[in-house]
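Chain residues, written in single-letter form:
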Amino acid sequence: MTSSTAPLRLYVSSDLAAGVEFNLLPDQARYIAQVMRRNTGDPILLFNGRDGEWRGVLASISKKSASVLVEQQTRPQGVERGLKLLFAPVKRTATDLIVQKATELGVTLLQPVITQHTNNDRVRTDRLEAIVVEAAEQCCRVMVPEVCEPIALSDAVSDWPDGQVLFVMDETGGGDPVADVMTESAARNMGAAAFVIGPEGGFAETELDLLRSLPFSKFVSLGPRILRADTAALATLTCWQALCGDWRPGPS
Ligand code: SAM
């Protein structure tokens, strides 16, 4: 008997092609069998960030193991527009929220940056990678954002890609209104974009001077109130997707 519920969606590391059969990880097998109570023959959607999304079936399942048989591609891999979020790690829960929501909001690369006021420079990237995978499974993305190891802000902005703008989210009131900046960016149909969000204590003056000195930086204001870093990250990405990004029909 197969369940009538919608297919589960799992990220796997294996190559995906018609006829390929492989075992899922033990944790995935336990989740499917014991939590989701799926059975042999039930459909499952699989993606690996390289081969697009594929539909398969559970070929075998027990409490501790499960194998899948890959059948047909349901979505091509495609190419997502580069969207880079540089963020100073904050308290763990808020950092987890930034990473999870940035994944749902289409970020393609997450770069933790250590700044003068960063009060949490121990970032467990393996934890963040697990959060990113779970968020990509949930929001039906076909790619999984890259999570980079933390680096100093000055290193993150050196050797910057030509033509890429770095939107500096500036709580000091020195930036242009976010709607104006992003509407203008949409009009210029710019390519990849990057945003940087400071720590709980904000950017240090020397850091703001450094960011101002960059030819590719653009200072942006999210209004008169001081937002928490996680709020600022979400608000920034929401404005971007609504005004410039893939929340509008057509190529983004
Ligand atoms: N210095 C303040 C503090 O000590 O609480 C604010 C830091 S704020 C919590 C963290 C980051 O969120 C800022 O560095 C900035 O990148 C972003 N942010 C917060 N409010 C903002 C606003 N109104 N406009 C633009 N960016 C903002």
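Residues numbered from 1 in each chain as written. Predicted model: local features only at pLDDT ≥ 70, side-chain atom pairs only at ≥ 80, totals over all residues. Heavy atoms only, no water.

Focus: the domain arrangement of the protein chain
So, point 1. Domain boundaries assigned for the protein chain yield domain 1 (8-75) and domain 2 (83-243).
So, point 2. Averaged C-alpha coordinates put domain 1 and domain 2 at centres separated by 33 Å.
So, point 3. Each partner contributes residues to the interface: domain 1 has 8 residues there, and domain 2 has 8 residues.
So, point 4. In this assembly, domain 1 packs against domain 2 so that about 690 Å² is buried in total across both faces, 63% of it on carbon and sulfur atoms.
So, point 5. Sorting the residues of domain 1 by area buried against domain 2 places Arg9, Tyr11 and Phe47 first, and these three jointly supply 64% of that buried surface.
So, point 6. Linking domain 1 to domain 2 there are 0 salt bridges.
So, point 7. Between the two partners, domain 1 and domain 2, sit 5 residue pairs in polar contact (both at pLDDT 80 or more).
So, point 8. Class assignment for the residues of the side of domain 1 that touches domain 2 results in 3 nonpolar, 2 polar and 3 charged. (Domains from an automatic or database assignment. Contact = heavy atoms within 4.5 Å. Buried area = accessible area lost by both parts, 1.4 Å probe. Salt bridge = Lys/Arg side-chain N within 4 Å of Asp/Glu carboxyl O. Polar contact = N/O pair within 3.5 Å; in protein donor to acceptor, adjacent residues only side chain to side chain. Nonpolar A, V, L, I, M, F, W, Y, C, P; charged D, E, K, R; others polar.)

Points about the site of the ligand
So, point 1. In the region of the ligand, 20 residues are neighbours, and Met169, Glu200, Leu222, Arg225 and Leu227 sit closest.
So, point 2. Between a nitrogen atom of the ligand and a main-chain N or O atom of Gly201, the distance comes to 3.5 Å.
So, point 3. Within the contact set of the ligand, a nitrogen atom lies 2.7 Å away from a backbone nitrogen or oxygen of Arg225.
So, point 4. Protein burial of the ligand: of its 570 Å² of free accessible surface, 85% is covered by the chains.
So, point 5. Listed by contribution, the elements that provide at least two residues to the shell around the ligand are β13 (217-221) and α7 (229-243).
So, point 6. A class-by-class count of the residues in the shell around the ligand yields 10 nonpolar, 5 polar and 5 charged. (Near = heavy atom within 4 Å. Areas by Shrake-Rupley, 256 points an atom, 1.4 Å probe, with all protein chains shown as cover. Helix = DSSP H or I, 4+ residues; strand = E, 2+ residues; numbered from the N terminus.)

Looking at the packing of aromatic side chains
So, point 1. By the definition in use, this model includes 5 aromatic pairs.
So, point 2. Ring centres of Trp160 and Phe216 lie 4.9 Å apart, and the angle between their planes is 5°; this geometry places the pair in the stacked category. Of this pair, Trp160 sits in the loop between α4 (153-156) and β10 (165-169) while Phe216 sits in the loop between α6 (205-213) and β13, and the two are 56 residues apart along the sequence. Grouping residues by exposure puts Trp160 and Phe216 together as buried.
So, point 3. Judged by centre distance (5.5 Å) and plane angle (75°), the rings of Phe195 and Trp240 are edge-to-face. Taken together, the residues span a long stretch of sequence, with Phe195 in strand β12 (residues 193-197) and Trp240 in helix α7 at a distance of 45 residues.
So, point 4. Taken together, the ring pairs connect Phe167, Phe195 and Trp240 into an aromatic cluster.
So, point 5. Its end group placed over the ring of Phe47, Arg9 keeps NZ or CZ at 4.2 Å from the ring centre.
So, point 6. Positioned above the aromatic ring of Trp160 is the side chain of Lys84, whose terminal nitrogen or guanidinium carbon lies 4.3 Å from the ring centre. (Phe/Tyr/Trp six-rings, centres within 6.5 Å; stacked < 30°, edge-to-face > 60°. Buried < 20%, exposed > 50% of the residue type's maximum accessible area, 1.4 Å probe, protein only. Lys NZ or Arg CZ within 6 Å of the ring centre and 35° of its normal.)

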